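Results of the structural survey
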Amino acid sequence: MAIKFQYNKTSQQALAKQLKIRERALPTLKNKESALRVEVKKAKDKAAELDKALKEKLSLYEDMMRLWGEFDPSLVSISDVELTSKKIAGVQTPILEKVNFEVRDYNMFEKPSWFPDGIAILEKLANIAIERAVFERKMDLLDFARKKTTQKVNLYEKVQIPGFQDAIRKIKRFLEDEENLSKAAQKIVKNRQQNAEVES
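Reading guide: rules and limits
Residues numbered from 1 in each chain as written. Predicted model: local features only at pLDDT ≥ 70, side-chain atom pairs only at ≥ 80, totals over all residues. Heavy atoms only, no water. Helix = DSSP H or I, 4+ residues; strand = E, 2+ residues; numbered from the N terminus. Rg over C-alpha atoms; globule rule 2.2 N^0.38 Å. Buried < 20%, exposed > 50% of the residue type's maximum accessible area, 1.4 Å probe, protein only. Contact = heavy atoms within 4.5 Å. Core = buried A, V, L, I, M, F, W, Y, C linked by side-chain atoms within 4.5 Å. Phe/Tyr/Trp six-rings, centres within 6.5 Å; stacked < 30°, edge-to-face > 60°. Pairing = 2+ DSSP bridges. Axes fitted to C-alpha atoms, helices over the stretch in contact; angles between N-to-C directions. Parallel < 35°, antiparallel > 145°, perpendicular 65-115°, else oblique. Left-handed = near helix turned anticlockwise from the far one by under 90°. Nonpolar A, V, L, I, M, F, W, Y, C, P; charged D, E, K, R; others polar.

So, the overall build of the protein
Within the protein one finds three helices and two strands. Ordered by position in the sequence, the α and β elements of the protein form the string α-α-β-β-α. Taking 200 residues into account, the globule formula puts the C-alpha radius of gyration at 16 Å, and the protein, at 35 Å, lies well above it. Oriented by its inertia axes, the alpha-carbon framework of the protein measures out at about 135 × 25 × 20 Å. The burial tally for the protein puts 28% of its 200 residues in the buried class. Within the protein, contacts between residues separated by at least 24 positions form 77% of all contacts whose residues are at least 6 apart in sequence.

Concerning the nonpolar core
Among the nonpolar cores identified, the biggest contains 16 residues, and Leu36, Val91, Leu125, Phe135 and Leu142 are the most heavily contacted of them. Residue assignment for this core shows that the elements contributing at least two residues are α1 (9-60) and α3 (115-199). Non-local contacts of Leu36, meaning those with residues more than four positions away in its chain, are made with Ile88, Ala89, Val91, Leu142, Ala145, Arg146 and Thr149. By size, the runner-up hydrophobic cluster in this structure holds 13 residues, among which are Ile3, Leu15, Ile161 and Ile168.

What to know about the packing of aromatic side chains
Inspection of the entire model under this criterion finds two aromatic pairs. Between Phe5 and Tyr7, the ring centres sit 5.3 Å apart and the planes meet at 75 degrees, which makes this aromatic pair edge-to-face. A relative accessible area of 24% means that Phe5 is categorised as partly exposed. With a centroid separation of 4.7 Å and an interplanar angle of 45 degrees, the aromatic rings of Tyr7 and Phe174 are classed as tilted. Note that Tyr7 is positioned in the segment before α1 and Phe174 in helix α3, a separation of 167 residues in sequence. The exposure class of Tyr7 is partly exposed, given its relative accessible area of 42%. Taken together, the ring pairs connect Phe5, Tyr7 and Phe174 into an aromatic cluster.

A word on the pairing of strand β2 (residues 91-103)
Sheet topology places strand β1 (residues 76-88) next to β2; 12 bridges connect them, and they run antiparallel. Bridging across to β2, Thr84 finds its partner in Ile95. The hairpin turn running from β1 into β2, its antiparallel successor, is two residues long, and Ala89 in that turn takes a positive phi close to 50 degrees.

Remarks on the environment of Lys86
Within the secondary structure, Lys86 sits in strand β1. If we ignore the near neighbours within four places in the chain, the residues touching Lys86 are Val91, Gln92, Thr93 and Ile95.

Structural notes on the packing of α1 against α3
α3 packs onto α1 with a crossing angle of 160 degrees between their chain directions and a minimal axis gap of 6 Å. Between α1 and α3, the interaxial angle falls into the category roughly antiparallel. Note on packing geometry: the crossing formed by α1 with α3 is left-handed. For the contact of α1 with α3, the class distribution of residues is 28 nonpolar, seven polar and 22 charged.

Spatial relationships are all this shows, so hold off on functional conclusions.
So this is what it looks like as structure tokens:
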């Protein structure tokens, strides 16, 4: 990214102001980036932990597979998933508050005695699966923000700050050269005037 500037004091001051803004913002951006990296790892670990818990629970109930054939899955449905949000390093992330289930009425005398337990098991499994999905979404949001922040850190660190410093240096050199030429020209004029006075 080429930085546009003019060889004058006004341009130099404007560039110095932009440079200062970026130098001040850089440590904050770096802190945000590392905080997001930590939070992404936490969310990823929690999602993996919930995934493992879900698989373990499913394997526990594998023995009951024959029984599940008798179960009517339409008895239980999710009526609502209550979410809130929390800001983490400036990013709104979802938090699972509660999963509300709706259990349809059924005749307990016609159904097997384990149906209430089956309903509880389904609710537990659904809860874990939904919580895992929420943590995966949280991880995606935080990771996206982390990537954006990393890009900004790199832009400031590797492109803009060195670019502004280089432009300021070029302006300073130009202005110094211009001043030196002006002084040299004044000396020449002065010497000519003195020589002209001596000759006359």
